[in-house]
Amino acid sequence: MADNFNFELVSPERLLLSEQVIDVVIPASEGEMTVMANHAPTMTTIKPGVVKVHSASGKKQDYVVFGGFADILPTGCTLLAESAVPVEDMSRDELDRRINAAKAELEDAEHHEHKSRLEHFIMELSHLRGSITQD
């Protein structure tokens, strides 16, 4: 049986989750990462995506995150999200609103690096929209 560890998902608005878990899949910037007990110490940035939590109680919960970073230790993981909501609370309209806001910011962006980051962010949000919502 796998060891449990403490996982916390924190957004600026509130603590969304703090409990013992078996594993957590996070959308790290370099690709999805599965975090389990006794994981090597790691810090990583988070891209827009879905955090999949498998609680020690057997419950599975998914959360949509919009960037941030994760601090991973052998005894736990804390994910500090720029914004996070349970996946069932995320609507296609909200994702469309975020995509449109990023597109508007892109139109006003002057620096190439900023434009490139915004284009990548829009692509990630569009992919996220396709993966969690039905047309």
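Note that the structure is a prediction, hence the values are computed from the model and not measured.

K.L.:
Just to check I follow, could you spell out the overall build of the protein for this structure?
P.N.:
The helix and strand inventory of the protein stands at two helices and nine strands. The C-alpha atoms of the protein give 16 Å as radius of gyration, which agrees with the globular expectation for 135 residues (14 Å, within 12%). Each of the three principal axes of the protein carries a C-alpha extent, and together these read 50 × 30 × 25 Å. Residue pairs at least 24 apart in sequence account for 50% of intrachain contacts in the protein once pairs closer than 6 positions are excluded. Across the protein, the 12 positively charged side chains and the 23 negatively charged ones have centroids separated by 4 Å.

K.L.:
It is not clear to me how the packing of aromatic side chains should be interpreted in this structure. Could you clarify?
P.N.:
Given two aromatic rings, their pairing is described by the distance between the two centres and the angle made by the two planes. Scanning the model with the defined rule gives zero aromatic pairs in all. Directly above the aromatic system of Phe66 lies the positively charged group of Arg98, at a separation of 3.8 Å from the ring centroid.

K.L.:
What should I look at first to understand the nonpolar core in this one?
P.N.:
Soluble, globular proteins show a tendency: their nonpolar side chains are buried together. By size, the foremost hydrophobic cluster in this structure holds 23 residues, and its most contacted members are Phe7, Leu9, Ile26, Val51 and Leu79. Elements with a minimum of two residues in this core: strand E1 (5–10), strand E2 (15–28), strand E3 (31–36), strand E5 (49–55), strand E6 (60–65), strand E7 (68–73) and strand E8 (76–81). Looking at this core, the element that brings in the most residues is E2, giving six residues. Among the nonpolar cores identified, the runner-up in size contains 10 residues, and Val64, Phe66, Met90 and Leu95 belong to it.

K.L.:
How should a negative patch on the surface be read in this particular structure?
P.N.:
There is a patch of like negative charges on the surface, built from Glu105, Glu107, Asp108 and Glu110. The residue Asp108 is located in helix H1 (residues 92–108) in this model. A relative accessible area of 62% means that Asp108 is categorised as exposed.

K.L.:
Any chance you could explain H1 here in plain terms?
P.N.:
Residue pairs spaced three or four apart in an α-helix point in one direction, given the helix's 3.6 residues per turn. End to end, H1 covers 25 Å across 17 residues, agreeing with the expected 24 Å (1.5 Å per residue, within 8%). If you follow the buried residues of H1, they end up packed against helix H2 (112–132).

K.L.:
Would you mind showing me how to read unusual backbone geometry here?
P.N.:
With glycine set apart, most residues show a phi of negative sign, and most peptide bonds adopt trans. Its identity is not glycine, yet Asn38 carries a phi of approximately 70 degrees, on the positive side. Inspection of the secondary structure puts Asn38 in the loop between E3 and strand E4 (42–46).

K.L.:
I tried to follow the UniProt feature "domain: ATP synthase F1 complex delta/epsilon subunit N-terminal" (unreviewed entry) in the protein on my own but got confused; where do I start?
P.N.:
UniProt records the feature "domain: ATP synthase F1 complex delta/epsilon subunit N-terminal" (unreviewed entry) for residues 5–84 in the present numbering. In residues 5–84, helix accounts for 0% and strand for 71%; the two terminal C-alpha atoms are 21 Å from one another.

K.L.:
What's the story with the pattern of salt bridges in this structure? I'm lost.
P.N.:
It is possible for side chains bearing opposite charge to pair when their charged atoms get close. Using the criterion set out here, one finds four salt bridges in the structure. Two residues, Arg129 and Asp96, come together in a salt bridge whose shortest N-O distance is 2.5 Å. Here Arg129 is found in helix H2, whereas its partner Asp96 is found in helix H1, with 33 residues between them in sequence. Of the residues examined, Asp96 reaches a relative accessible area of 22% and is grouped as partly exposed. Across the pair Arg117 and Glu113 runs a salt bridge whose closest N-O atoms are separated by 2.8 Å. You can see Arg117 and its partner Glu113 sitting in helix H2, four residues apart, about one turn around the helix. Like Glu113, Arg117 is exposed.

Procedures and definitions
As a convention, each chain's residues are numbered from 1 in the sequence order in which they are written. Two thresholds apply to this predicted model, a pLDDT of at least 70 for residue-level local features and 80 or more for giving and counting side-chain atom pairs, whereas whole-chain, interface and lining totals are computed over all residues. Each side-chain value is derived from all of the structure's non-hydrogen atoms; neither hydrogens nor water enter the calculation. Numbered from the N terminus, helices here are DSSP runs of H or I no shorter than four residues, and strands are runs of E no shorter than two. The globule rule used for comparison is 2.2 Å times the number of residues to the exponent 0.38, while the radius of gyration itself is calculated over C-alpha atoms. The contact criterion used is simple: two residues touch if any of their non-hydrogen atoms lie within 4.5 Å. Positive charges come from Lys and Arg, negative ones from Asp and Glu, while His and the chain ends are left out of the count. Throughout, a charge is located at the NZ atom of Lys, the CZ atom of Arg, the CG atom of Asp or the CD atom of Glu. Pairing of aromatic rings covers Phe, Tyr and Trp, the last counted by its six-membered ring, and requires centre-to-centre distances within 6.5 Å; plane angles under 30 degrees mean stacked, over 60 mean edge-to-face, and any other angle means tilted. For a Lys NZ or an Arg CZ to count as sitting over a ring, it must be within 6 Å of the ring centre and within 35 degrees of the ring normal. For the purposes of this section, nonpolar cores are sets of buried Ala, Val, Leu, Ile, Met, Phe, Trp, Tyr and Cys residues that join through side-chain atoms within 4.5 Å. Buried residues are those whose accessible area, probed at 1.4 Å on protein chains only, stays under 20% of the maximum for their type, while exposed residues exceed 50% and partly exposed ones sit between those limits. Put simply, a patch holds well-exposed residues, over 30% relative accessible area, that have no salt bridge, with like charges counted together within 9 Å and Val, Leu, Ile, Met, Phe, Trp or Tyr side chains within 5 Å. Only the protein chains shown count as cover for residues, with accessible areas throughout obtained via the Shrake-Rupley method and a probe of 1.4 Å. Any carboxyl oxygen of Asp or Glu that lies within 4 Å of a side-chain nitrogen of Lys or Arg is treated as forming a salt bridge with it. The length a helix should cover is 1.5 Å for every residue beyond the first. UniProt positions are given in the numbering used here, feature names are shortened, and annotations may be inferred rather than shown by experiment.

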